[in-house]
Amino acid sequence: MKPGYFSLVLHAHLPYVRHEEKHRLEERWVYEAISETYIPILWQVDRLKRPLHWTVSISPPVVEMLADPLIQDRYAEHLDEMLDLIALELSEGRTDAETATLQFYKQRYQDLKNTFLHWNKNLNEAFRTYREAGYIDMVTCTATHGFNPHLFTEQAARAEIRTGLNCFERHYGFRPTGIWLPECAYTPGVDRILYEEGVRYTFVDEHALLEADPTPDKGIGAPVYSPHGVALFPRDQIISGKIWSSMIGYPGHPDYREFYRDLAYDRDWDYIQSFMHPEGIRFDTGLKMHRITGDTDQKDFYVRDWAEHQIENHAMDFAKTLESHLEAHGAQTFPPFLVTAPFDAELFGHWWFEGPEFLGKVAERLVEFGIETITPAMFLERHFKDLQTVHVSMNTWGRKGYGEVWINERNEWMLRHLHMMEMQLVKDVADYRGKSDLTNRALKQLIRHYVLAVSSDWAFILDGQTTAQYAAERFREHTRLFAELETALYQDELSDQLLNEHFAAYPFLQDDDIDIDSFLSPHDYYVTTEREQEKPAILLLTPEYHGHIVGGLGKRVVDEVEARANEGEIVYVLTPYHDELPAYERHGNIHVYRVSPTSTFLEHVMNQVATQNIAYVKLVHELAKRISFKVVHHFDWMTIPAARELAQSLSLPLYSTMLSFEATRNPHGHGGLFDAIHRIENSVFPEAECVYVGEEISIHDLKQWYKVSENVNTCLPLESSPYGQKPMKKNVK
């Protein structure tokens, strides 16, 4: 065996284009994908009949459409129509070159029909069978291919991921540990949701790792762990480019089939019209009679033998290129060098007609060359201890590597509607969850409308301006249906008939796939599903509670919180938002909220402090509608403004812990910032029940700089509650 591994990943995805009415042109996208990509790939898997270690990602819209009896029957009719057209063509006395190609198509379409019927018209059965035989591995995608960097709420990201996994599990009988993030789009924090949902690996473009912090020691020669422990497998662009690149890739060879020229446009209308749209619209039949020929508008007829010859040549060239690439990195160990090559599955067959056969031939050549293929799951089993953890920024495999395709002047208008729908869902679920079976069904239908609207396909199509009108209409229709149903929910006008009508419009996903709770905010989830009657809680504000204790303040805060929680107190900790840590988490009696400031970054430190304190106050007033607090305790000067305001407005006793003061840190300080901090620190003494100061601070010296009264004490040992035995005021609701 050669050193290193090769991993092939094929991602099958189409937008959900199932329509009840017949002759929708968009439904032909499914027919083309089945005829040119899905069945031809299955043919190669069946022909080789051995573990190929290909990973096939199949998205929920594709899974659902392959399982849909309406689409299955229409596709079978489509195959019969194609065979009729081919028979008509052969009866017309075409040239020898045309006849040879038509004979090739005649056999091919008969094979397509035989395969389709063999699997009872449901290709999910075929993929599932080959996966269970160990020939391929399978993963899935998010519910509707939503572009996660543009999702506004954590709940929407979780709903897309969880719903996609649920749908796949219902059809395939297992829950995959890998997932294809739409457009290979990674966002810091999405890895935490993936990990919590049981996902252990995904795929990113190579620049994600090359620009990571720190840059991985193995470059793109190995996956890395994200901060939350999800393995990120990078696309190797040098190897992948041999296939997808329009400049250096194989698909552009003159002997391969021409994609853009179709028989429908070479025949008179009177002849071809019975195979075209009833409204007189020409569309591609799928019979493409010419080869690429070269950089010319004059196309020669397709010669199947020549194409098969090139498949052999290119499979050999690819194997040699891969061999050289692996040998160049042969010295890499722990783990050995890995080439990950992820592609859209539809590249093979649909765009590159001979692509599936190329993959099959490559699989044969790799065995001859002694190159080991491996799935990401197998790689992690062998080398999970050898991966480095890095921070990866937002990135995609789209144009220029980021989000330009999915937000630009052609599609940006969609985003505000999607964000509004997300926020409405969070509110609606919190308000109506569990009120009745009918409201629960309505909430699931609202989520169904939302996920159908959030598909990245609509923004992608608008960017490319191919079938832009359809994409815009579909998006508007889902937002309209969402608003219509939400109005019925608010006005208590729900009915089984209304919900049935909404589902019938786009019967995507079963209700069991959709988990209403995924749209609960973390705290609402706790309140509605886990919380028992709580006693009044301690509200604690601190500038540090990161989980990574750096200095004395952070350690004192954590120790104080844990000491009180161990005594049985309920403690709510509010601290600034920290990148990649959850906005909310609970550990027993401790609730931690990481709070984002109310505005974007402001240069002056006092403005930053102000916006952070405003955010604290706003959140606590929301929490106080459901939580009874008995004391507010703050740490350090940066939290004094919010702590004072909350103590006054909620009639709570105020406690302060100041391990240092500006005057003790900087005894010779002066100037505007010094004075501002000094003034804020001074403001706590007259209002706090007690101010606890660090052991190294002399209270006597402190009196030189501050208006200290008798309420100042040195910090108590942790086993002593700082709140004493005095009865406390409570904001009991």
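Let me begin by describing the structure that accompanies this report. Residue numbering note: each chain is counted from 1, following its sequence as written. Since the coordinates come from a predicted model, pLDDT governs what is reported: local features require at least 70, and pairs of side-chain atoms require 80 or more to be given and counted, while whole-chain, interface and lining totals use all residues. The side-chain numbers reported here are obtained from all heavy atoms of the structure, hydrogens and water having been left aside.

## Topic: helix 12 (residues 355-369)
Put simply, the rule reads: Helix numbering and strand numbering both begin at the N terminus, where a helix is a DSSP run of H or I of at least 4 residues and a strand a DSSP run of E of at least 2. One less than the residue count of a helix, multiplied by 1.5 Å, gives the span that helix is expected to have. Accessible area is worked out with a 1.4 Å probe on protein chains only. A residue is then buried under 20% of its type maximum, exposed over 50%, and partly exposed in between. Contacts are assigned to residue pairs with any non-hydrogen atoms lying within 4.5 Å of each other.
The terminal C-alpha atoms of helix 12, which comprises 15 residues, lie 20 Å apart, in line with the 21 Å expected from a rise of 1.5 Å per residue. When you tally the buried positions in helix 12, you get 11 out of 15 residues, the bulk of the element. Those residues of helix 12 not exposed but buried are G355, P356, E357, F358, L359, G360, V362, A363, R365, L366 and F369. Elements in contact with the buried residues of helix 12: strand 1 (5-12), helix 1 (28-48), strand 2 (54-58), helix 9 (237-244), helix 11 (304-328) and strand 9 (372-373). Directly beyond the C-terminal end of helix 12, a positive phi value near 70° is found at G370.

## Quick notes on the environment of G401
As for its position among the elements, G401 is in the loop between helix 13 (376-383) and helix 14 (413-432). For the pair G401 and A185, spaced 216 residues apart in sequence, the C-alpha separation works out to 9.3 Å. Contacts of G401, omitting those with residues within four sequence positions, involve H207, N395 and T396.

## Focus: the pairing of strand 16 (residues 690-693)
The condition that has to hold: When DSSP locates at least two bridges between a pair of strands, those strands are taken to pair.
With burial as the criterion, each face of strand 16 is covered, one bearing C690 and Y692 and the other bearing V691 and V693. When strand 15 (residues 654-658) meets strand 16, the two strands line up parallel, connected through 4 bridges. Within strand 16, the position partnered with S656 by the bridge is V691.

## Describing the sheet that holds strand 10 (residues 537-541)
Inclusion rule: Interaxial angles span 0 to 180 degrees and are taken between N-to-C directions of axes, which are lines fitted to C-alpha atoms, for helices over the stretch in contact.
Sheet architecture is open: 8 strands sit in the order 12-13-11-10-14-15-16-17, paired in mixed fashion. Pairing within the sheet leaves two strands with one partner each, and these edge strands are strand 12 (584-587) and strand 17 (712-714). With direction set aside, neighbouring strand axes in the sheet form an average angle of 20°.

## Examining the packing of aromatic side chains
Rules: Classification of ring pairs uses Phe, Tyr and Trp, with its six-membered ring standing for Trp, and accepts pairs whose centres are within 6.5 Å; under 30 degrees between planes counts as stacked, over 60 as edge-to-face, and the remaining range as tilted. We count a charge as sitting over a ring when the NZ of a lysine or the CZ of an arginine lies within 6 Å of the ring centre and within 35 degrees of the ring normal.
Counting across every chain of the model gives 42 aromatic pairs. On the basis of an interplanar angle of 90° and a centroid distance of 5.9 Å, the ring pair of Y450 and F519 is categorised as edge-to-face. One end of the pair, Y450, is in helix 15 (residues 437-453); the other, F519, is in the loop between helix 18 (496-505) and helix 19 (522-530), with 69 residues separating them in the sequence. Here the two residues Y450 and F519 agree in accessibility, since each one is buried. A cation over an aromatic ring shows up here: R131 above the ring of F174, its NZ or CZ 3.6 Å from the ring centre. Directly above the ring of F353 sits R257, whose terminal nitrogen or CZ lies 3.8 Å from the centroid.

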